[in-house]
Amino acid sequence: MPDPRKISIEDYAYELPADKIALRPLEKRDASRLLVYNNGIILDSYYKDIAANIPPQSLLIFNNSKVINARIKFQKPTGGIIEIFCLEPFDGNEYNIIMNQTGSSTWKCLVGGAGKWKTGILTKQLKINNANLTISVEVVSRMTDSYIVQFRWNPPQFSFADVIEAAGEVPLPPYIKREREISDSSRYQTIYALNEGSVAAPTAGLHFTEDIFDQLASRGIAKEYVTLHIGAGTFKPVKAETMQEHEMHAEWIDVSLQTIKHIRDHDGMIIAVGTTSLRTIETLYWIGVKIILDPSIEFLALKQWDIYEPPMQSNNVDVKDSFDRLISWMEIKKLSRLFLRTQLLIIPGYKFKVAEALITNFHQPRSTLLLLVAAAIGKDWEKIYEHALMHEYRFLSYGDGNLIFLPAGNYEM
């Protein structure tokens, strides 16, 4: 494998005109267009027909993370507005625990207008279920790229999920340059969103409808759900010249033992719906490898360069063996769910272990998401994106998508 640290991000740049960026979703989710790529051949289709493009007996992996109203505005006594953008819980507990905290919660946040908020506590008044609620916020400490912010509210019986739902706004991506609309609350959310925690939607899933699910079922195509809570880092462009100088954003995954067993035992094609689902199932493989290399391991996590360095780099562990070991480790520890932090960086040269196809949107130039697509199909990413631009596809979160089948030899099942 070529040294991934030396990959130049300028090799993954393309011209994206502003008028190609979708500012709003189409009226019907499944009316979005779908580019299908298989063995160098491109076909134009629609999401409403996606089931016909997927082999029978496949298994689709969806990310069921739910977007939270992560932007909360507070007004200073002098009238200025301070915007708090919640990135992730500060203490690293499981998200369902954090979202159910009552009385107070501490988060890593971005702060808009921080220079005008030197010290002190800001408050906000609102109602939840006709009950008056007072929220206060205070900076606990400053980090290199963010702040640690403590939220408190009174009366304290409401959960943080209740508070942020009532007080916050949908965190639309920075490239959607318009005011938020009421419809964003539902449309910037998949129909199967369940576990609260993301500050960005798993956009590949935005196009799926109950009608599509019925069509998939009629072809014997199964579904499974994993959770990866998407952070704001997903929009972070690669500003370094080479990947060696870029720090991949870390995110939390949460996967049930039952789902891990289903993935291991499935005989048909495994298709990731979205880059987050793909990174999750590939992470599961590498965590199994970590356990094989160190059976006494207690703390599980995957760092950015782990898989590109010895001893993981040279491993030849079979996918089933890796999943077997992961399942055994969880059963010994009596864990029904796996909750850990992944910083998995998938870039050209990576050999996919679990996923054999990917459903995804069209991504920003010079992004780690575009590098992931290039890892799957090599230089043909340029062919796909050129076709999409020439044929009026809509780009980014609210735009169209593509179904990419990995070439034989680029995955190891």
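Coordinates for the structure precede this section.
Given the structure is predicted, the values throughout are model-derived calculations rather than measurements. (Residues numbered from 1 in each chain as written. Predicted model: local features only at pLDDT ≥ 70, side-chain atom pairs only at ≥ 80, totals over all residues. Heavy atoms only, no water.)

Student: Where do I start with the overall build of the protein chain in this structure?
Tutor: Across its full length, the protein chain holds nine helices and 18 strands. Overall size of the protein chain, expressed as C-alpha extent along the three principal axes, is 60 × 55 × 45 Å. For the protein chain, the residues scored as buried account for 57% of the 413 residues in total. Residue pairs at least 24 apart in sequence account for 76% of intrachain contacts in the protein chain once pairs closer than 6 positions are excluded. Within the structure as shown, the protein chain displays about 18,000 Å² of accessible surface, and the carbon and sulfur contribution to it stands at 49%. Within the protein chain, the 49 negative side-chain charges are centred at a point lying 5 Å from the centre of the 44 positive side-chain charges. (Helix = DSSP H or I, 4+ residues; strand = E, 2+ residues; numbered from the N terminus. Buried < 20%, exposed > 50% of the residue type's maximum accessible area, 1.4 Å probe, protein only. Contact = heavy atoms within 4.5 Å. Areas by Shrake-Rupley, 256 points an atom, 1.4 Å probe, with all protein chains shown as cover. Lys, Arg positive; Asp, Glu negative; His and termini not counted. Charge placed at Lys NZ, Arg CZ, Asp CG, Glu CD.)

Student: Help me understand the environment of Gly-168, please; the structure alone is not making it clear to me.
Tutor: Here Gly-168 shows up in the loop between α2 (160-167) and α3 (184-187). By relative accessible area, which is 14% here, Gly-168 ends up buried. Expressed as a C-alpha distance, the spacing of Gly-168 and Glu-356, which sit 188 residues apart in the sequence, is 38 Å. Setting aside chain neighbours within four positions, we find Gly-168 in contact with Asn-69, Arg-71 and Ile-72.

Student: Just to check I follow, could you spell out the layout of surface pockets for this structure?
Tutor: In this approach the atoms are scanned with a rolling probe the size of a water molecule, which exposes any empty space left behind. In this model, the largest pocket occupies a volume close to 570 Å³. Surrounding the largest pocket, 24 residues form its lining, Leu-87, Lys-108, Asp-145, Gly-233 and His-249 being those nearest its centre. Only β6 (81-89), β7 (104-112) and β13 (251-256) provide two or more residues apiece to the lining of the largest pocket. For the second largest pocket, the calculated volume is near 230 Å³. Examining the composition of the lining of the second largest pocket, we find that five residues originate from one element, strand β16 (residues 337-342), more than from any other. Residues belonging to the lining of the second largest pocket are distributed by class as follows: eight nonpolar, one polar and four charged. (1 Å grid on protein atoms, 1.4 Å probe; cavity = no way out; pocket = protein on both sides within 12 Å on 5 of 7 lines; lining within 4 Å. Points joined across faces, edges and corners; volume = space filled by probe spheres on them. Nonpolar A, V, L, I, M, F, W, Y, C, P; charged D, E, K, R; others polar.)

Student: It is not clear to me how the pattern of salt bridges should be interpreted in this structure. Could you clarify?
Tutor: Any two side chains of opposite charge can pair if their charged atoms end up close together. All chains considered together, the criterion is met by 21 salt bridges. The residue Arg-180 makes a salt bridge to Glu-169 at a minimum N-O spacing of 3.9 Å. Here the residue Arg-180 occupies a position in the loop between α2 and α3, and Glu-169 occupies one in the loop between α2 and α3, the gap between them amounting to 11 residues. Judged by relative accessible area, which is 31%, Arg-180 ranks as partly exposed. Residues Arg-264 and Asp-265 are paired through a salt bridge, measuring 2.8 Å at the closest nitrogen-oxygen approach. With relative accessibility at 43%, the residue Asp-265 sits in the partly exposed group. Through salt bridges with shared partners, a single network forms among Arg-24, Arg-178, Glu-181 and Asp-184. (Salt bridge = Lys/Arg side-chain N within 4 Å of Asp/Glu carboxyl O.)

Student: Would you take a moment to explain the packing of aromatic side chains for this structure?
Tutor: By convention here, two paired aromatic rings are described through the distance between centres and the angle between planes. A full pass over the atoms with the stated rule returns 26 aromatic pairs. Aromatic ring contacts, followed pair by pair, group Tyr-12, Tyr-14, Phe-362, Trp-381, Tyr-385, Tyr-393 and Phe-395 into a single cluster. Over the ring of Trp-305 we find Arg-5, and its NZ or CZ is 4.6 Å from the ring centre. Taking NZ or CZ as reference, Lys-223 lies 4.7 Å from the ring centre of Phe-213, over its face. (Phe/Tyr/Trp six-rings, centres within 6.5 Å; stacked < 30°, edge-to-face > 60°. Lys NZ or Arg CZ within 6 Å of the ring centre and 35° of its normal.)

Student: Before we go on, may I ask you to explain the sheet that holds strand β9 (residues 131-142) in this structure?
Tutor: Two pairing modes exist for strands in a sheet, parallel and antiparallel, and in both the strands are linked by backbone hydrogen bonds. One open sheet accounts for six strands, arranged β5-β6-β7-β10-β9-β8; its pairing is antiparallel. Both outer strands of the open sheet, β5 (71-75) and β8 (122-128), are each paired with one neighbouring strand and no more. With strand direction ignored, the average angle separating the axes of adjacent strands in the sheet is 40°. Of the strand pairs in this sheet, β5 and β6 are connected by five bridges, and their pairing is antiparallel. Of the residues in β6, the one forming a bridge with Phe-74 is Ile-82. Against the sheet, α2 touches β5, β6, β7, β8, β9 and β10 (147-154), its axis set at about 95° to β8. (Pairing = 2+ DSSP bridges. Axes fitted to C-alpha atoms, helices over the stretch in contact; angles between N-to-C directions.)

Student: Explain α2 here, please?
Tutor: For an α-helix, 3.6 residues make a turn, and residues three or four places apart therefore share a direction. Looking at α2, one finds that the buried residues are Phe-160, Ala-161, Val-163, Ile-164 and Ala-167. Buried residues along α2 cover an arc of 165° about the axis, so they all sit on one side. (Arc of directions from axis to C-beta.)

Student: Mind showing me how you'd approach the packing of helix α5 (residues 257-265) against helix α7 (residues 319-332) here?
Tutor: Between two packed helices, both the angle of their axes relative to each other and the distance between the axes serve to describe the pair. The N-to-C vectors of α5 and α7 enclose an angle of 160°; their axes lie 10 Å apart at closest approach. Classified by the angle their axes make, α5 and α7 are roughly antiparallel. When you trace α5 past α7, the crossing you get is left-handed. Where α5 abuts α7, its residues Leu-257, Ile-260, Lys-261, Ile-263 and Arg-264 lie against Lys-320, Phe-323, Asp-324, Leu-326, Ile-327, Met-330 and Glu-331. Looking at side-chain class alone, the contact of α5 with α7 contains seven nonpolar, no polar and five charged residues. (Parallel < 35°, antiparallel > 145°, perpendicular 65-115°, else oblique. Left-handed = near helix turned anticlockwise from the far one by under 90°.)

Student: Where do I start with the pairing of β7 in this structure?
Tutor: Within a regular beta strand, the side chains point alternately toward one face of the sheet and then the other, so they alternate between its two faces. Alternating positions in β7 separate cleanly, Ser-105, Trp-107, Cys-109 and Val-111 being buried on one face and Ser-104, Thr-106, Lys-108, Leu-110 and Gly-112 remaining unburied on the opposite face. Here β6 pairs with β7 via six bridges, running antiparallel. The residue of β7 that forms the bridge with Glu-83 is Gly-112. Note: β7 against β10, six bridges, orientation antiparallel. Looking at the pairing, Thr-106 lines up with Gln-150 of β10.

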